[in-house]
Number of protein chains: 2
Amino acid sequence: MKTQTWNYPNIGINATILWFTGMSGAGKTTIAKRLKERLANKHNVPAVIIDGDELRRGICSDLGFSMKDRMENVRRAAEIAKLFSHMGYVAIVTLISPLDQHRMAAREICTGMNFLEIFIHCPLETCEQRDVKGLYERARAGEINDFTGIQSPFEFPDKPNVIISTHQQTVEESCSLLIGHLATVKII
Amino acid sequence: MKTQTWNYPNIGINATILWFTGMSGAGKTTIAKRLKERLANKHNVPAVIIDGDELRRGICSDLGFSMKDRMENVRRAAEIAKLFSHMGYVAIVTLISPLDQHRMAAREICTGMNFLEIFIHCPLETCEQRDVKGLYERARAGEINDFTGIQSPFEFPDKPNVIISTHQQTVEESCSLLIGHLATVKII
């Protein structure tokens, strides 16, 4: 039997949600992963990534890509983010959430918490050139319908808290910008 | 800026789900809370409670109590349990999950993990006498339909991994029994 006591992460961080919105291939997950590492290693801040693709394989596997289902997807992601943030984690949600109403709905669910809308921006052409998952090719070939940026709209956020331009900034630069912002608004 | 490094809970515990099934008022949440404390304080094992009532107020607020909705409720709880167990937490799910098919569905979603079905047993009469939330009274008065044990069935688990009888065992005794079992099966 171990004698050390487990310390839960509730280390004085206000409940915080970092909502990463942006098109497929913009770099949401890549930046989230590195940000999580840097928050833990250099700032002693525990974070968790709530990844849209993972949710789609799990709790949202019953949902499609209609606007109704996308909204439900957003709602569930926001509720899960709340569960984690109540435990003391900074919850980083990486979800295309293409419409203003999606981001507004998420913000409303997370009322009373720090909710930062982070626009992970990258021009469609660059996302399409990267096409890490081969989804743009499939969408152009008509194998996927309702793909954001091709057949389905992505509304640029009106007033995101932070804009990251991944065609101009490296992953490290992007994380530095985000961490700087978190410090400025006194979250870390 | 803090210099200490945050340590994530991945401390060598195999992914473990403790699925508490039992009627309303049987004591699922009470035992879960105390078990979580004892696991953290005496065994250095981080746990998280995924509480059916809380889910109903949040991510499952779109669901009712039809058999279809109860199954969807179970599915989402199991998927959330998976998310937490992947992070190194023992996930304690407290959910009536009245039918065998509910527990089997949860077990299947959690394939590849330690999944222990814990039957928090208490005779209906005793649950009804306790009636902490006043729900039995409302069910008897016809204000609630589909209430488990009154209008809706509760199937006793066939082969639960552990049975706790809360009309005969104290909370501490119940937790000791559970912790003993976790040690026996080498989870802690």
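Scroll up a little and you will see the structure.
Each chain carries its own residue numbering, running from 1 in the direction its sequence is written. Each chain takes a letter, starting from A, and each ligand takes a number, starting from 1, following the order in which they are written. Selection of residues for local features in this predicted model requires a pLDDT of at least 70, selection of side-chain atom pairs for listing and counting requires 80 or more, and totals for whole chains, interfaces and linings are taken over all residues.

## A few points about the packing of helix 3 (residues 67-86) of chain A against helix 4 (residues 100-109) of chain A
Residue and element names in this part refer to chain A.
Then, number 1: Convention adopted: a line fitted to C-alpha atoms gives each axis, helices being fitted over their contacting stretch, and angles between N-to-C directions are expressed from 0 to 180 degrees. Runs of H or I in DSSP of at least four residues are treated as helices and runs of E of at least two as strands, each being numbered from the N terminus. The N-to-C vectors of helix 3 and helix 4 enclose an angle of 30°; their axes lie 9 Å apart at closest approach. Classified by the interaxial angle, the pair formed by helix 3 and helix 4 is roughly parallel. Pair helix 3 / helix 4 crosses with right-handed handedness. Along the contact surface, helix 3 presents R70, M71, V74, R75, A78, E79 and K82, while helix 4 presents H102, A105, A106 and I109.
Then, number 2: Note on residue categories: nonpolar means Ala, Val, Leu, Ile, Met, Phe, Trp, Tyr, Cys or Pro, charged means Asp, Glu, Lys or Arg, and polar means any other residue, Gly included. For the contact of helix 3 with helix 4, the residue count by class is 6 nonpolar, 1 polar and 4 charged. Roughly parallel covers angles under 35 degrees, roughly antiparallel covers those over 145, roughly perpendicular covers 65 to 115, and oblique covers all other angles. Each crossing gets its handedness from the near helix: less than a right angle anticlockwise from the far helix is left-handed, clockwise is right-handed. Contact between two residues is assigned whenever their backbone-derived C-beta positions fall within 7 Å.

## Looking at helix 4 (residues 100-109) of chain B
Residues and elements named next belong to chain B.
Then, number 1: Residues H102, R103, A106 and I109 constitute the buried set of helix 4. The buried side chains of helix 4 occupy one side of the element, clustering within an arc of 125° when seen end-on.
Then, number 2: Among the structural elements, strand 1 (16-21), helix 3 (67-86) and strand 4 (114-121) are those in contact with the buried residues of helix 4. Three classes are used. A residue is buried when 20 or more other C-beta atoms lie within 10 Å of its own, exposed when 12 or fewer do, and partly exposed in between, with C-beta atoms placed from the backbone. The directions from the helix axis to the C-beta atoms are what the arc is built from.

## Let's talk about the nonpolar core
Then, number 1: I92 and V93 of chain A together with I92 of chain B are the most contacted members of the largest nonpolar core, which totals 98 residues.
Then, number 2: Excluding anything up to four places from it in sequence, V93 of chain A contacts I17, L18, W19, F20, I50, A77 and A81 of chain A. To define a nonpolar core, we join buried Ala, Val, Leu, Ile, Met, Phe, Trp, Tyr and Cys residues through C-beta atoms within 7 Å and take the resulting set.

## Comments concerning unusual backbone geometry
Residue and element names in this part refer to chain A.
Then, number 1: For N44, which is not glycine, the phi dihedral falls at a positive 55°.
Then, number 2: With respect to the helices, strands and loops of the structure, N44 is situated in the loop between helix 1 (28-43) and strand 2 (47-51).
Then, number 3: Despite not being glycine, D146 has its phi angle at roughly 60°, a positive value.
Then, number 4: Accessibility expressed as a C-beta count within 10 Å gives 14 for D146, which makes it partly exposed.

## Let's talk about the sheet that holds strand 4 (residues 114-121) of chain A
Residue and element names in this part refer to chain A.
Then, number 1: Whether two strands pair comes down to DSSP finding at least two bridges between them. Pairing is parallel in the open sheet, where 5 strands are placed in the order 2-3-1-4-5. Unpaired on one side and paired on the other, strand 2 and strand 5 (162-165) mark the two borders of the sheet. Strand-to-strand twist in this sheet, taken as the mean axis angle between neighbours without regard to direction, amounts to 20°.
Then, number 2: Judged from the 5 bridges that link them, strand 1 (residues 16-21) and strand 3 (residues 90-94) form a sheet pairing that is parallel. Residue pairing for strand 3: F20 is matched across the bridge by T94.
Then, number 3: Contacts from helix 7 (residues 171-184) reach strand 4 and strand 5 within the one sheet, and its direction differs from that of strand 5 by about 170°.

In short, the description is geometric, and any link to function would need to be established separately.
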